[in-house]
Amino acid sequence: MKPPAPGTGCCFPPIFGKSRSRSGSFRLVSNSSLESSSSRSSSGRERSSSWSRGRRDSSRHQQQHQKAPMVVCFGEMMVNLVPTESGVSLADAVEYKKSPAGSTANVAIAISRLGASSAFIGKVGNDEFGYMLSDILMQNGVDNSGLLFDEYARTMLAFYALKSDGEPQFLFYRHPSADMLIRPEELDVRLIKKATIFHYSSFSLVMEPSKSSHLAAMNLAKMCGCLLSYAPNLTLPIWPSAHAAREGILNIWNFADIIKDYKGWVRGFEVEVVDTDGADDAFLAGLLSILSARKYIYKDERKLREALAFANASAAVTMTRREAIPSLPTKDAVIRLLLPF
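Keep in mind that what you see is a predicted model, and the values were worked out from it rather than measured.

Most of helix 4 (residues 103–113) is tucked away: 10 of the 11 residues are buried. Listing the buried residues of helix 4 in full gives Ser103, Thr104, Ala105, Asn106, Val107, Ala108, Ile109, Ala110, Ile111 and Ser112. Glycine 115 sits one or two positions beyond helix 4 and adopts a positive phi of about 100°.

Counting through the fold element by element, arginine 154 comes out in the loop between strand 6 (143–150) and strand 7 (157–162). Through-space distance from the C-alpha of arginine 154 to that of glycine 130 is 8.1 Å; in sequence the pair is 24 residues apart. Sequence-distant contacts of arginine 154, defined by excluding residues within four places in its chain, comprise Gly125, Asn126, Asp127, Ser177 and Ala178.

Now for the pairing of strand 3 (residues 78–83). Counted residue by residue, strand 3 has 6 buried out of 6 residues, so it is predominantly covered. Of the two faces of strand 3, the one lined by Met78, Asn80 and Val82 and the one lined by Val79, Leu81 and Pro83 are each fully buried. Bridge count between strand 3 and strand 4 (residues 96–101): 6 bridges; the pairing is antiparallel. Bridge pairing in strand 4 places proline 83 opposite tyrosine 96. Two elements, strand 3 and strand 7, share 3 bridges in a ladder whose sense is parallel. Note that in strand 7 the partner of leucine 81 across the bridge is phenylalanine 159.

Below, the discussion takes up the pattern of salt bridges. Applying the stated criterion across every chain yields a total of 8 salt bridges. When the shortest N-O distance is used, the salt bridge between arginine 183 and glutamate 185 registers 2.9 Å. Overall, the relative accessible area of 36% leaves arginine 183 in the partly exposed class. The salt bridge involving lysine 222 is made with aspartate 257; its shortest N-O contact spans 2.9 Å. One end of the pair, lysine 222, is in helix 7 (residues 210–223); the other, aspartate 257, is in the loop between helix 8 (242–251) and strand 11 (258–260), with 35 residues separating them in the sequence. Pair check on accessibility: lysine 222 and aspartate 257 agree, each one buried.

For the rest of this paragraph, the subject is the sheet that holds strand 4. A sheet is described by the order of its strands in space; here 4 strands give the open sequence 4-3-7-8, paired in mixed fashion. Pairing within the sheet leaves two strands with one partner each, and these edge strands are strand 4 and strand 8 (168–173). Taken pair by pair, the neighbouring strands of this sheet meet at an average axis angle of 25°, ignoring direction. In this sheet, strand 8 lies alongside strand 7 in antiparallel orientation, the contact comprising 6 bridges. Bridging from a neighbouring strand, leucine 162 pairs with proline 168 of strand 8.

Checked against the element boundaries, serine 112 lands in helix 4. Assessed through its relative accessible area of 13%, serine 112 is described here as buried. Within the structure, serine 112 has its side chain in polar contact with the backbone oxygen of glycine 141 (distance 3.3 Å). Apart from residues lying up to four places away in sequence, serine 112 is in contact with Ser118, Asn140, Gly141 and Val142.

As a further point, take the nonpolar core. If you look at the biggest cluster of nonpolar residues, it comprises 51 residues, and the most contacted ones within it are Met77, Ile109, Phe120 and Leu288. Apart from the residues lying within four places of it in its own chain, the contact partners of leucine 288 are Val71, Val107, Ile111, Ile197, His199, Ser229 and Ile258. Leu187, Ile192, Ala195 and Trp253 belong to the second largest nonpolar core, which has 40 residues in total.

Let us now look at unusual backbone geometry. The omega torsion of the bond from histidine 175 to proline 176 falls at -10°, within 30 degrees of zero and hence cis. Locating proline 176 in the fold gives a position in the loop between strand 8 and helix 6 (189–193). A cis amide bond links glutamate 208 to the next residue, proline 209, at an omega of 5°. Along the chain, proline 209 falls in the loop between strand 9 (197–201) and helix 7.

Turning next to the confidence of the model for the chain. With 79% of its residues at a pLDDT of 70 or more, the chain shows a mean pLDDT of 82. Within the model, pLDDT remains below 50 along residues 1–33, and this stretch shows 80 contacts once partners closer than five positions in the same chain are excluded. For the stretch residues 35–66, pLDDT sits under 50, and the model shows 56 contacts to residues farther than four places along the chain or on other chains.

Running from N to C, helix 4 and helix 9 (residues 279–291) cross one another at 45°; their axes reach a closest spacing of 8 Å. Viewed along their axes, helix 4 and helix 9 adopt a mutual orientation that is oblique. Crossing of helix 4 over helix 9 shows right-handed handedness. Along the contact surface, helix 4 presents Ser103, Asn106, Val107, Ala110 and Ile111, while helix 9 presents Asp281, Leu284, Ala285 and Leu288.

Reading the values: the criteria
- Residues numbered from 1 in each chain as written.
- Predicted model: local features only at pLDDT ≥ 70, side-chain atom pairs only at ≥ 80, totals over all residues.
- Heavy atoms only, no water.
- Buried < 20%, exposed > 50% of the residue type's maximum accessible area, 1.4 Å probe, protein only.
- Helix = DSSP H or I, 4+ residues; strand = E, 2+ residues; numbered from the N terminus.
- Contact = heavy atoms within 4.5 Å.
- Pairing = 2+ DSSP bridges.
- Salt bridge = Lys/Arg side-chain N within 4 Å of Asp/Glu carboxyl O.
- Axes fitted to C-alpha atoms, helices over the stretch in contact; angles between N-to-C directions.
- Polar contact = N/O pair within 3.5 Å; in protein donor to acceptor, adjacent residues only side chain to side chain.
- Core = buried A, V, L, I, M, F, W, Y, C linked by side-chain atoms within 4.5 Å.
- pLDDT = per-residue confidence, 0-100.
- Parallel < 35°, antiparallel > 145°, perpendicular 65-115°, else oblique.
- Left-handed = near helix turned anticlockwise from the far one by under 90°.

As structure tokens, this is what we get:
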């Protein structure tokens, strides 16, 4: 399909179409060890009573949506520490407040808020921050049964500030953090098999064992007929070098069916921008929430434009509030913005 003519407004549309060449170092193969991994790792997933309550509640939510197409998101969830004063650097900030974050978790939560079904697979520490993040998933209607708790590593922390000149600052504490330690045998195979779309970023590709877990989850999802959705995340501070980031991000590029990229045009929305953090995640959530129920929408340009307008509105709503997860849109808020469109 040809991209719409330029000049109608910029947005964040993805590249659609079938996966390109399958050449490369990653091979799609069956993995029998994953099939038997659920029972071996289940005891580890039952350690926290707080999390167990979340699992039971999320299971009820999953049963209610068992016939609905599901987007399963794999990756990181963390706690951001953000200055209470706007426009200051990390060094100049006097006070910080905690804010839940993580790009793939953002997408999972936004999809649920937009009325679709989502789940999250990842790992946090067996600590108070980990329990808080698990509860946030549950409170937002996300199936958190794939969330693991590590006994030895802590939940990832990141200091984040947006300076007065618009330059973002990041400082990550992951040496290693729990999200980096998820192992292939711990993956929730049954949950992945339920997915219509399997969504991931590049955050977990930095080191082992999370890299192997990421590739194994992609492999299983593709064998089960899922669409693979990839949101490359160029956060250089987490990579050893810019070269390593480029190599790691591009290594799995060709296996995705949907890739977040800055190509194509569709009309946007004028809003009073407060913070752009999480806008790209909200855009993807808006698109994936529709695509999960209509997998071949890219074949119909009119319907695709409508889906992209919904995604653009989702991002626009997010930019009117601060912090990624608290600002993620509800379906009603998006529809209100779309009405005069």
